[in-house]
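Fold and geometry: a report
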Amino acid sequence: MSDAQRPTDDHVPGDDEFEPVQVFPEAEEMDLRPGADNCYKCSTCDTNCPVAEVDEEFPGPKFQGPEQWRLKRQEDHDIDDSVLKCSNCMRCDHACPSEVPLSQMHNTARGEYVERQMNKFSREYVRNRILANYGTFAPLGAMFPRLANFVMGLSITRWLGEKTLGFAGDREFPEFATQTFRSWWAERGGAQVENPDKRIAYFHGCYSNYNTPEVGKALVRVFEHLGYEIMVPKQRCSGTPMYANGMLQDAKRAAEVNVPELAAAIDDGADVIASCTSCSMSLRQEYPELFDIDGVEDVSENTWEALEYLRVHEDLETELEGTSADLGEFAYHAPCHARNQGLDGQAVEVLATIDGVEAHDVGDSCSGISGTYGWKEEHYETSMKIGEEMFEHMEQVDGEAGLTECPTCAMQMEHGTGYEITHPLEVLEAALVGTE
Amino acid sequence: MAIEDDVLVIGGGLAGATAALAAAERDAQVRLISYKQSTLRHASGLIDVLGYPSADLAASGEAARADGGERTDDGSRSTADPRSAGGPLADPFEALSDLPEGHPYERVGADAVREALLFFDSVAGDAYRGGHTDANALVPTHGGTVKPTARYPAAVAPGLASDRRDALLVGFETLPDFDAPLSAGHLEAAGVPFRTRGVTLRFPGIERDDAKVTRYAHLLDRNEAVDSGAGDAPARTALAEAVRPHLDGEGRVGFPPILGDDNHDVVRRDLEERLGVEVFEVPSGPPSLPGMRLEDLLYDAMADAGVRVTTGVPVVDYEADGGDRIDRVLVDRKGRDVPYRADQYVLATGGLVGKGVRSERDRVFEPIFDCHVAHAADRYDWFVDDAFGDHPFARFGLAVDRDLRPLDADDDREFENLRAAGAVLGGYDFAAEKSGSGVSLATGYVAGRRAGEEVSG
């Protein structure tokens, strides 16, 4: 594990001569120490934790991070099982005034808990493994999408899922698209623009491949419209659902596929672009925090979220001047992982230039689904309680359509309000390229 | 390409938000970037201007500007307790003219302090009180002290120490930060002109010893059904029922500041109606809901004013324009430096706690622009032995000209288009003076207004 490699008190020139973690011989192992001593217990993280706000049982990020680490200094202390209640929204990272790497601590603690303390034959473990490895199971569904959607949509399937495996029975399984993004890409013959000077490697992730290929297609059309050559390297899941379930070994195996593939694309002059903010968060922050793989820093430094990339590399505002799209009012929700990358408000700013579109930010509430979290029977209620504020704010906005970058936030938004949810790239596509 | 705006404010606390709002009033396109959430979440929510006079004027002037500094024989600096020098101040404005050169209030002038308060009043509206008078209000705090302050949340108003009605303070077993009987005892010892008692109760619906303050607020905001001891009841009803038997003719009841967040006003009115007396909050330490409500108020105002807000990422560096202008700053978005460009910049990154001023064993510095921070070469001169003494480190920060532009060691401007505001400034000790939020407001207002004027003018 390389979690000792990032200086914990970042951004200070010249403070890298001494890293206290190096004095401890066990620093080679998974260790919750980095940054624990920076915590002065102001508890700001606790007041930001959406789970602690609605669930009295959850002891909060301060306990899960620095306090748990201190307890762990005594050999006979196990990781507390409450770490499974953390939804990995990473709001605590954003809250901490002292740069304590809270989410990194939570990820490592959860990994250790699952590896050493969890019964590998338990229903919960099996269920979590399935959720975390959605990308491994999805190809089956995608092979026979209509059948899969029919079976998954049956109430008996949902009832069985809840009774046998602990999936939240009230959730509708996301529909598989009739054609995956990758097969659409192959069918159209890959890239239609060649350009050695403007090249991107698209990290589509599982969801836009299997469930919402329209997002991937929108990205392709927008970037090609602006003259980019697009590569679609071989890839696996970004790892986000695996961290959240403590399946760090699964995440590492996926990263060991992704990093070399993406690094090779970078060598070919491409920048890595993601359309899902949890995917870009994972490649940028969690990979170098958790894994020691050749090229991992290179991938982190050259990964961008799609809209962010265009804002910095193109004159997007001039590009959008005078465009229009007849889409009306959107309630925009900034995903927690977008906020942590400085992308909150970005969609609202960019889309403001387009005629006929208005996006209203519904504020800083958390959707509550947090990837696989809200899919678990035991967390369903918590997830919906967290989301309640967002649902209310969405309903206050004129119009009945939602907008967000995150596929699971989108599921929750739809589940809680019945609104149809769009990705900002689709709006951009409508304005720049027009819909076909 | 860079992401472009007219004015870029770095820092999302009271100073930064005020600067952004003041600049936006001048029709500039403003962006505010904040890395971590601001220390407003640690703040009481009170707006102090000046509660106690500045300590030894000569010593403070020297501490703010000196690079050397002599130690006295016993290794300490002046240990004058500011409180013995007179205070609390009844009228903060009378004392402003006595402040030493280099104090942020001296830099902007008393008129600007007044204008900034009026500006704050216009933003805060009904949420804050105290604008009717120049005099300081005396607000009871959770420790049972009485704090002189200029503006206070509406929820604090019925609790003022100048009010002669008797008060009941209610604390909760699971909230050890507010010991109501102890606080009441301290208040009486401090000589408040009314009788005050404290009781400690169980908060209906809270079992956990360390439940988060947001959990209490959420229960009351949503009026969730809780176990009242006699069956389930809505949280506000259950709370009022728990408090009622303890009322003994008092005209007001004080709670720790947990009475709701988004629906705070409704929660308080509901409790007042059920109890038949006025209900107030006693400000306490972090994490603080009044601080969070103030943050929400400012961020809502920024959204209304069209300020663009970017959070979660730090500004780490800058590129100069060849000369003495900042061309762009670089924002670290998880390993990638992204450029942001503006015409004018405001630095409002906070002090030692907010990390706008940093220290290592042998130096004190400002990490983004490396603006000059005066401090003694020997770190043993950064503090005095008396824990409550006049510590030089409390005044560490940037020295600025009267236009709030940071000055280098030779008193020359560091940059043409950079102003600084709030706790990143040096030359004042907000903890001793009780001047933190007033300085942030006044300097944030002036820095933002000037930045906005230069853009549009």
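Further up the page is the structure itself.
Residues numbered from 1 in each chain as written. Chains lettered and ligands numbered in written order. Predicted model: local features only at pLDDT ≥ 70, side-chain atom pairs only at ≥ 80, totals over all residues. Heavy atoms only, no water.

To continue, consider the overall build of chain B. When its secondary structure is counted, chain B shows twelve helices and 21 strands. Expected size for 457 residues packed as a compact globule is a radius of gyration near 23 Å; at 23 Å, chain B falls within 12% of this value. For the C-alpha atoms alone, the extent of chain B along its principal axes is close to 75 × 55 × 40 Å. Relative to its 457 residues, chain B shows a buried fraction of 61%. Residue pairs in contact within chain B that sit at least 24 positions apart in sequence constitute 68% of those at least 6 positions apart. Of the roughly 17000 Å² that chain B leaves accessible, carbon and sulfur atoms contribute 46%. Taking the average location of the 49 positive side-chain charges in chain B and that of its 80 negative ones, the two points are 4 Å from each other. (Helix = DSSP H or I, 4+ residues; strand = E, 2+ residues; numbered from the N terminus. Rg over C-alpha atoms; globule rule 2.2 N^0.38 Å. Buried < 20%, exposed > 50% of the residue type's maximum accessible area, 1.4 Å probe, protein only. Contact = heavy atoms within 4.5 Å. Areas by Shrake-Rupley, 256 points an atom, 1.4 Å probe, with all protein chains shown as cover. Lys, Arg positive; Asp, Glu negative; His and termini not counted. Charge placed at Lys NZ, Arg CZ, Asp CG, Glu CD.)

So, on to the nonpolar core. Counting residues in hydrophobic clusters, the biggest one holds 125 residues, and the most contacted among them are A:Phe223, A:Ile354, A:Leu428, B:Val30, B:Val329 and B:Phe369. Of the residues forming this core, the biggest block, nine residues, is contributed by helix H1 (residues 14-24) of chain B. If we skip the residues at most four places from it in the chain, B:Phe369 touches B:Ile10, B:Tyr318, B:Ile326, B:Val329, B:Leu347, B:Phe415 and B:Leu418. A:Ala142, A:Cys237, A:Ala255 and A:Leu283 belong to the second largest nonpolar core, which has 38 residues in total. (Core = buried A, V, L, I, M, F, W, Y, C linked by side-chain atoms within 4.5 Å.)

All names here are of chain A. In this structure, His204 sits in the loop between strand S1 (199-203) and helix H11 (205-210). Looking at His204, the relative accessible area reads 4%, which means it is buried. Only 2.9 Å separates the side chain of His204 from the side chain of Arg182, close enough to count as a polar contact. Other than its neighbours up to four places away in sequence, His204 contacts Phe181, Arg182, Asn209, Val232, Gln235 and Ser275. (Polar contact = N/O pair within 3.5 Å; in protein donor to acceptor, adjacent residues only side chain to side chain.)

The subject of this paragraph is empty space enclosed by the protein. Residue and element names in this part refer to chain A. If you walk through the whole model with that rule in mind, you get seven cavities of 30 Å³ or more. For the largest cavity, the calculated volume is near 90 Å³. Forming the walls of the largest cavity are 14 residues, and the residues nearest its centre are Cys49, Pro61, Cys86, Cys89 and Cys92. Partitioned by chemical class, the residues of the lining of the largest cavity number nine nonpolar, four polar and one charged. Of the volumes computed, that of the second largest cavity is approximately 80 Å³. Around the second largest cavity, the lining is made up of 13 residues, and of these Cys39, Cys42, Cys45, Cys96 and Pro97 lie nearest the centre. Here the lining of the second largest cavity is built from residues that sort into nine nonpolar, three polar and one charged. (1 Å grid on protein atoms, 1.4 Å probe; cavity = no way out; pocket = protein on both sides within 12 Å on 5 of 7 lines; lining within 4 Å. Points joined across faces, edges and corners; volume = space filled by probe spheres on them. Nonpolar A, V, L, I, M, F, W, Y, C, P; charged D, E, K, R; others polar.)

Right, let's get into the sheet that holds strand S14 (residues 308-311) of chain B. Residue and element names in this part refer to chain B. The strand order S14-S3-S2-S18-S21 describes an open sheet built from five strands, whose pairing is parallel. Each edge of the open sheet carries a strand with a single partner, namely S14 and strand S21 (418-420). Ignoring strand direction, the axes of neighbouring strands in this sheet form an average angle of 20°. In this sheet, strand S18 (residues 344-347) lies alongside strand S2 (residues 7-10) in parallel orientation, the contact comprising four bridges. Across the sheet, the residue bridging to Ile10 is Leu347, located in S18. (Pairing = 2+ DSSP bridges. Axes fitted to C-alpha atoms, helices over the stretch in contact; angles between N-to-C directions.)

Moving on to unusual backbone geometry. Residues and elements named next belong to chain B. Residue Pro287 is bonded to the preceding Pro286 through a cis peptide linkage, with omega at -10°. Relative to the helices and strands, Pro287 is located in the loop between strand S13 (278-281) and helix H10 (289-304). Within the chain, Leu404 stands out as a residue other than glycine whose phi angle is a positive 65°. Of the residues examined, Leu404 reaches a relative accessible area of 0% and is grouped as buried. The backbone of Asp411 sits at a positive phi, close to 65°, despite the residue not being glycine.

Here we come to the pattern of salt bridges. Residues and elements named next belong to chain B. Here the structure, examined in full by the defined rule, presents 60 salt bridges over all chains. The partner of Arg402 in a salt bridge is Glu106, and the shortest N-O contact between them spans 2.2 Å. Taken together, the residues span a long stretch of sequence, with Arg402 in the loop between strand S20 (363-365) and S21 and Glu106 in helix H4 (residues 104-108) at a distance of 296 residues. With a relative accessible area of 49%, Arg402 lands in the partly exposed category. Through salt bridges with shared partners, one network takes in Asp401, Asp403, Arg405, Arg413, Glu416, Arg419, Arg450 and Glu454. (Salt bridge = Lys/Arg side-chain N within 4 Å of Asp/Glu carboxyl O.)

No statement about biological role is implied by the geometric values presented.
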